[in-house]
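Listed here are the chains, written in short residue letters.
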Amino acid sequence: MGLKALQATKCTKCGPGYSTPLEAMKGPREEIVYLPCIYRNTGIEAPDYLATVDVDPKSPQYSQVIHRLPMPYLKDELHHSGWNTCSSCFGDSTKSRNKLMLPSLISSRIYVVDVGSEPRAPKLHKVIEPSEIHAKCNLGNLHTSHCLASGEVMISSLGDPQGNGKGGFVLLDGETFEVKGTWEKPGGEAPMGYDFWYQPRHNVMVSTEWAAPNVFKDGFNPAHVEAGLYGSRIYVWDWQRREIIQTLQMKDGLIPLEIRFLHDPAATQGFVGCALSSNIQRFYKNEDRVSLCSPGCPGTHCVDQAGLELRNPPASASQVLGLQACATTAQEGTWSVEKVIQVPSKKVKGWMLQEMPGLITDILVSLDDRFLYLSNWLHGDVRQYDISNPQKPRLAGQIFLGGSILKGGSVQVLEDQELMCQPEPLVVKGKRIPGGPQMIQLSLDGKRLYVTTSLYSAWDKQFYPDLIREGSVMLQIDVDTVNGGLKLNPNFLVDFGKEPLGPALAHELRYPGGDCSSDIWI
């Protein structure tokens, strides 16, 4: 047990969050939720805002927006949020989770929101302008925000100030929120960026990639996929040296987006959702093993059994089962990936392509590391997988919440490997739900899953124009955590089509006490 863990177990007045993921599951039920709402690309000239939603069933304001905090500028495209501090600082009683970080995907601005003074009525604490990010970091188009055990805040980038691909990390002081510079060594950024997760016990961080902002910002062009402009790799970083030590090429994995280690800080594996290829890949740390190369391999470009490229393998080899076995190969401490879930595409008529992928846009892992959840934004379903055996996930629950293949819609399914017929449209409290399930957030105890339907305003406009006209929604699913299973709560609906300034696009969800996609244990 490390020093920080020992301090955490002994402290009488601990810092933010919980000592372990299993302790977090015993935390209080969520009463409010924060989520950014976007007006960019909707035709409404209003700033994005942070909505506070009441999710307490005992409250007279249950399932209602109770507060709206508008940002000072237009067209930021608020996206994912994070905290000034979290469970990684549990052993530090001087820390308090009282600021919500709101990075902007398009403007590259960072908003620091005070949620501690009045949790039900947040207020703006500080604005970090793009010029400061550009000048000190030469980065832009910001995405994931994670707090660090050092007390700092780290935010991933997708581009440079000109919108070219650049996967770096902005480092902020966790008290003053001054921009300190980049986390990675100068010149050591990845070619592209998106999400990240760190695991200090193994001195590792992993990051993913979407595409250069200039590629995705105005919509999706299939020709860009053919041109290789979308990501297909994840990057393994040395946490202490702050540099890339391995690049893992996904096997049949296009646009790896959300990445999650298992919550157990001793775990050496996790999952990444590959959106366009609609599969989930498991990444894991290798033990020593032998690689297999084709006969006649010169020993200069070898690939091991998991498909991991080996740099500078030894030339000496012996024949094994008709193949050559290079001596030391994927050594202990290296990482590999394998596909463990595949959502089949559907052959369709009346859509932009002849085959429609599920488009896995968000994934979550429950705090006890038992279930993985994913959303298929285009097909319209949310799935629950039992990952008790992480190498062989088992489908335990599935529910359709809209999507592009609904019965009576413009898309006709010609061939479907999974469904006998097209799903019925979803109606909740008299409203037919537009769009498909996108961002998901699980309650601490794992019994409630919240869902919103907006992905990114330019892609919303392209794939679900009804979202622009009607606004997105927030739904809640009851989860069977014993046997598996998902059931819609018919009494919960937040309709962002009825917002005071017009229909808005609601995105990622955060609870004040932390959740399974923002807290990291060390």
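Refer to the structure presented above.
The shown structure was predicted, so the numbers you read here are calculated from the model rather than taken from an experiment.

Rules behind the numbers
- Every residue gets a number counted from 1 within its own chain, in the order that chain's sequence is written.
- Thresholds applied to this predicted model are a pLDDT of at least 70 for local features of residues and 80 or more for the giving and counting of side-chain atom pairs; totals over whole chains, interfaces and linings are not thresholded and use all residues.
- Side-chain measures were taken over the full set of non-hydrogen atoms in the model, leaving aside hydrogen atoms and water.
- Going along the chain from the N terminus, every DSSP run of H or I of four or more residues is numbered as a helix, and every run of E of two or more is numbered as a strand.
- Accessible area is worked out with a 1.4 Å probe on protein chains only. A residue is then buried under 20% of its type maximum, exposed over 50%, and partly exposed in between.
- Working rule for contacts: check all heavy atoms of both residues, and any pair within 4.5 Å makes them a contact.
- Using a 1.4 Å probe, accessible areas were evaluated by the Shrake-Rupley method; residue-level cover was limited to the displayed protein chains.
- Salt bridges are defined by distance alone: a side-chain nitrogen of Lys or Arg within 4 Å of a carboxyl oxygen of Asp or Glu.
- Taken from the helix axis, the directions to the C-beta atoms give the arc we talk about.
- Strands are labelled as partners when DSSP assigns at least two bridges between them.

A. Representation of the overall build of the protein chain in the model. On a plain count of helices and strands, the protein chain comes out with seven helices and 39 strands. Counting the 522 residues in the protein chain, one finds 60% classified as buried. The long-range share in the protein chain, meaning contacts at least 24 apart out of those at least 6 apart in sequence, stands at 61%. Just so you have it, the protein chain exposes about 19,800 Å², and 50% of that area is on carbon and sulfur atoms.

B. Structural view of the pattern of salt bridges. Scanning all chains against the criterion turns up 36 salt bridges. Arginine 448 is paired through a salt bridge with glutamate 30; the nearest N and O atoms lie 2.6 Å apart. Here arginine 448 is found in strand β35 (residues 448–452), whereas its partner glutamate 30 is found in the loop between α2 (21–24) and β1 (32–38), with 418 residues between them in sequence. Residues arginine 448 and glutamate 30 agree in their burial class; the two are buried. One salt bridge connects glutamate 418 with lysine 346, and the closest N-O pair in it is separated by 4.0 Å. Of this pair, glutamate 418 sits in the loop between β31 (412–415) and β32 (427–428) while lysine 346 sits in strand β25 (residues 346–349), and the two are 72 residues apart along the sequence. In this structure glutamate 418 comes out as partly exposed when scored by relative accessible area, which is 34%. In this structure, a network of salt bridges that share partners links the residues Lys346, Asp381, Arg383, Asp416 and Glu418.

C. Examining the environment of leucine 50 more closely. Along the polypeptide, leucine 50 turns up in strand β2 (residues 49–54). It is 10.0 Å that separates the C-alpha atoms of leucine 50 and leucine 124, two residues lying 74 residues apart in sequence. In this structure, leucine 50 is in contact with Tyr34, Leu35, Pro36, His67, Arg68, Leu69, Met71, Leu100, Leu102, Val113 and Pro122, ignoring residues within four places of it in sequence.

D. Molecular detail of helix α3 (residues 130–137). Within α3 the residues assigned to the buried category are Pro130, Ile133 and Cys137. For α3, the buried positions fall inside an angular range of 70° around the axis, keeping them on one side. Opposite its buried face, α3 presents the exposed residues Ser131 and Ala135, each directed more than 90 degrees away. Contacts from the buried residues of α3 go to β6 (110–114), β7 (123–128), β8 (140–147), β10 (169–172) and β11 (179–182).

E. Broad picture of the sheet that holds strand β26 (residues 355–356). Pairing within the open sheet is antiparallel, and its three strands lie in the order β26-β25-β31. Each edge of the open sheet carries a strand with a single partner, namely β26 and β31. One ladder, built from two bridges, connects β25 with β26; its direction is antiparallel. The partner of lysine 347 across the bridge, within β26, is glutamate 355.

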